[in-house]
Amino acid sequence: MKQIVKRIVDFAMIVLLPLLMAEILIGQEIHEWLGVGMLALFVAHHLLNLGWWKSFVKGRYTPSRAFQTAIDLLLLADMIALLVSGIMMSGFVFRFLRISGGMMIARQLHLFASHWGLILMSAHLGLHMEQFFSLFRKMLHISEKSVARRWVLRIIAVVLSAYGIYAFITQHMTDYLFLQTHFVLFDETKAAAVYFAETIAMMCLFAIVAHYLNKLLRKVGQKSNKEQSNGKAHKVMALVIPALACVLVVVGLSLPFQSESWQGNQADASASNGADSSLTGQSGGQTVSVEDGFVLIKGGSFAMGSPEDEPWRSADETRHTVTVSDFYISPYEVRQSEYTDVMGKNPSNFSGDDLPVENVSWLDAIAFCNALSESENLTPAYSIDGKAVTWDRSANGYRLPTEAEWEYACRAGTTTPFNTETSISSEESNYYGHYPYEIEENYFSQGNLTTKPGEYRQTTVAVDSFSPNKWGLYNMHGNVSEWVWDYYGEYGTTDQTDPTGAETGTRRVYRGGGWNDFAKNMRSAYRATLPEDKGSFNLGIRLVRNAVNGAGSIVSAGTENNTETGGKVLIAFFSWGGNTRGIAEEIQSQTGADLFEIELVTPYSTDYNTVLMEAQRDQNRQARPKIKNKVENFEQYDTILLGYPNWWASIPMPIASFLEEYDFSGKTIIPFCSHGGGRFGQSLTAITKLAPNARMGEPLSVHYSGGSSLPDDIAAWMKTNDISAK
């Protein structure tokens, strides 16, 4: 009877495995309940096989037994990882536990463990394949000595293995096994039956491999003289072999990242070969020439902004006709070595002479332009009087491009979202390659994507990396964003010639997107903003010079944000998975400030997959979800510590609702953001656009829930922003 129960339990687990791998097809709630069922069966399986545990350190450890032990222990560890991560993410079965924080890490662990679990469980099945063959043989009354039986089984094994290899490749299993993707790829054009068939074929593949590998190890053990002894070495193998297996898994995890880095460096090196030669001659219809290393851009008219049907366009990208005069522009972003030579310091977050300088404010960029001009005996383009900056348009010194000049040079004659004329890939630009253009609405099914997810380097690269655009300019998309002259403001609707932006403002514009941006925020038309005295780890400089003398001067005095300090502090936050809530509560414990959680009339789904779709839908539509609670006497607060998770490289739309509901004029907003790798994304830009009359303090980015260093990180952040501890 016990043997029959064992077989029923084992067969049920085999049936559940492919169902569990198809969460996208069956939905999260069913997935969770099936996961509970698998856990119950796994526990029952071990209770029915207690004898294995009792004999764990007894007897000889042959190569075959050591192999089986390694598989079994790794599978046990994998199931524990699935259990813990599954409970942490649960939106249905274990929702009552109200676990807070660690949601994103749990999802990565669950994704990783589930795909390794497929292999390990299939291998475990293969170790006991002979028992299943014996059962089927008895059921079908087939003789064990039948030659036909052996050949039929061999042919079936070959066919299933071949199909399993095909499925392994087409389903990109290595991406999951070595954490090269953060999400599940699924081709929605593929029938569910085909998906299940491929999963079952992969199970058979690994079962067959384990079966024959175990047979080989048995033969090796039979020939080994050491097997005849009963020394301590054989018992030690019970722990050594599984430990070695774990080490191999860890090493295997590191190899893909090393490989990606090497390939990225090789691509960068090959892209830079012959860079100078690309800067002369005909290029995309524009006659390109060089003076002192700068590219001459011949003036002309173009459609600035984006068409209304461009995916992920913003409302401030109104398309209009602009004419620009000739100008010279550097083919490269300013290098750290160049900045250091002139300014005597290097503010960059990343270090390397050929890497772009970053973490510079607009005012820093203006000062660098002047200092470089003076060092080369050129007339500085700018004069600075306190906070007022005057641009002498006739000066021959270095300056920042206008927003119109930058977009004209970036587009290089194109009208598409990117100057590559296709959806830009991580092989063409340095950005958050996991999130190519339009990934948001194709997160789970990527059949409609023209560019698939690629590498995320998490750092800047040399300024001459990748191929230049048609006019010989490198990294106009990605690597670091680039400051332009203009104040941020609405575009005009009439034709313009050499526009210089709004006359006054509180924010400056920067363009191009950086190493941690999603592709949607690297579009030629995308406009980002920050206060002119703020810098960022993904924001740098590209220089231009006049090719023809401009006329007159432009005084840029800006608009004062009459902010008050020393008043009451409010911690306002929106949290979905609990990470931001945990950060807010730690801030509250250190400051004693009032705490306000932004809650919605209609909350987002507790299902992770569903909320991803809801979040991108709301961002795409620029929705304003209705907030159900209200801050009493909002006017009493001078400083707002504003917390949120990084959703799709920006703020969640409930934060937009909050910013539009209250008057932030004269107040200081200090953002804190939980993220999974993209830091702030373009969330700071979103905040500055929605609250232009508020001052922005130094923001804080926290990786997931922050870990053990969170209290110290918050204390340092508070000190930077002059927030008193209680």
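Residues numbered from 1 in each chain as written. Predicted model: local features only at pLDDT ≥ 70, side-chain atom pairs only at ≥ 80, totals over all residues. Heavy atoms only, no water.

Caption draft 1: Structural detail: the side chain of Asn609. Mapped onto the elements of the fold, Asn609 is located in helix H16 (residues 608-621). Here the side chain of Asn609 touches Glu23 through a polar contact of 3.2 Å, side chain to side chain. Sequence-distant contacts of Asn609, that is, excluding residues within four places in its chain, are made with Glu23, Gln28, Arg107 and Phe444. (Helix = DSSP H or I, 4+ residues; strand = E, 2+ residues; numbered from the N terminus. Polar contact = N/O pair within 3.5 Å; in protein donor to acceptor, adjacent residues only side chain to side chain. Contact = heavy atoms within 4.5 Å.)

Caption draft 2: Quick peek at the packing of aromatic side chains. Following the criterion strictly, the structure yields 38 aromatic pairs and no others. Each ring, one from Phe418 and one from Tyr437, has its centre 5.1 Å from the other, and the planes form 90°; the classification is edge-to-face. Here the residue Phe418 occupies a position in the loop between helix H14 (403-411) and strand S10 (481-487), and Tyr437 occupies one in the loop between H14 and S10, the gap between them amounting to 19 residues. Across this residue pair, the class does not change: Phe418 and Tyr437 are buried. Their ring planes at 70° and their centres at 6.0 Å tell us that Phe672 and Trp717 sit as a pair that is edge-to-face. With Phe672 in strand S20 (residues 668-675) and Trp717 in helix H19 (residues 710-720), this residue pair connects regions lying 45 residues apart in the sequence. In this structure an aromatic cluster arises from ring pairing among Phe350, Tyr432, Tyr435, Tyr443, Tyr456, Trp515, Phe518, Phe537, Trp648 and Phe680. Note that Arg508 overlies the ring of Tyr487, its terminal NZ or CZ placed 3.6 Å from the centroid. (Phe/Tyr/Trp six-rings, centres within 6.5 Å; stacked < 30°, edge-to-face > 60°. Buried < 20%, exposed > 50% of the residue type's maximum accessible area, 1.4 Å probe, protein only. Lys NZ or Arg CZ within 6 Å of the ring centre and 35° of its normal.)

Caption draft 3: Highlighting the pattern of salt bridges. Counting across every chain of the model gives 22 salt bridges. The salt bridge partner of Glu338 is Arg335, with a shortest N-O separation of 3.7 Å. Using a relative accessible area of 34% as the deciding quantity, one classes Glu338 as partly exposed. Between Glu407 and Arg411 there is a salt bridge; the shortest N-O distance is 2.9 Å. Highlighted residues: Glu407 and Arg411, both in helix H14, separated by 4 residues, approximately one helical turn. When salt bridges that share partners are traced, they join Glu403, Glu407, Arg411, Arg511 and Arg527 into one network. (Salt bridge = Lys/Arg side-chain N within 4 Å of Asp/Glu carboxyl O.)

Caption draft 4: Main features of the environment of Ile583. Tracing the chain through its elements places Ile583 in helix H15 (residues 579-591). Remark: the alpha-carbon pair of Ile583 and Gly706, spanning 123 residues in sequence, is separated by 7.7 Å. What Ile583 contacts, discounting residues up to four positions off in sequence, is Phe672, Ser674, Val702, Tyr704, Ser705, Leu710 and Ile714.

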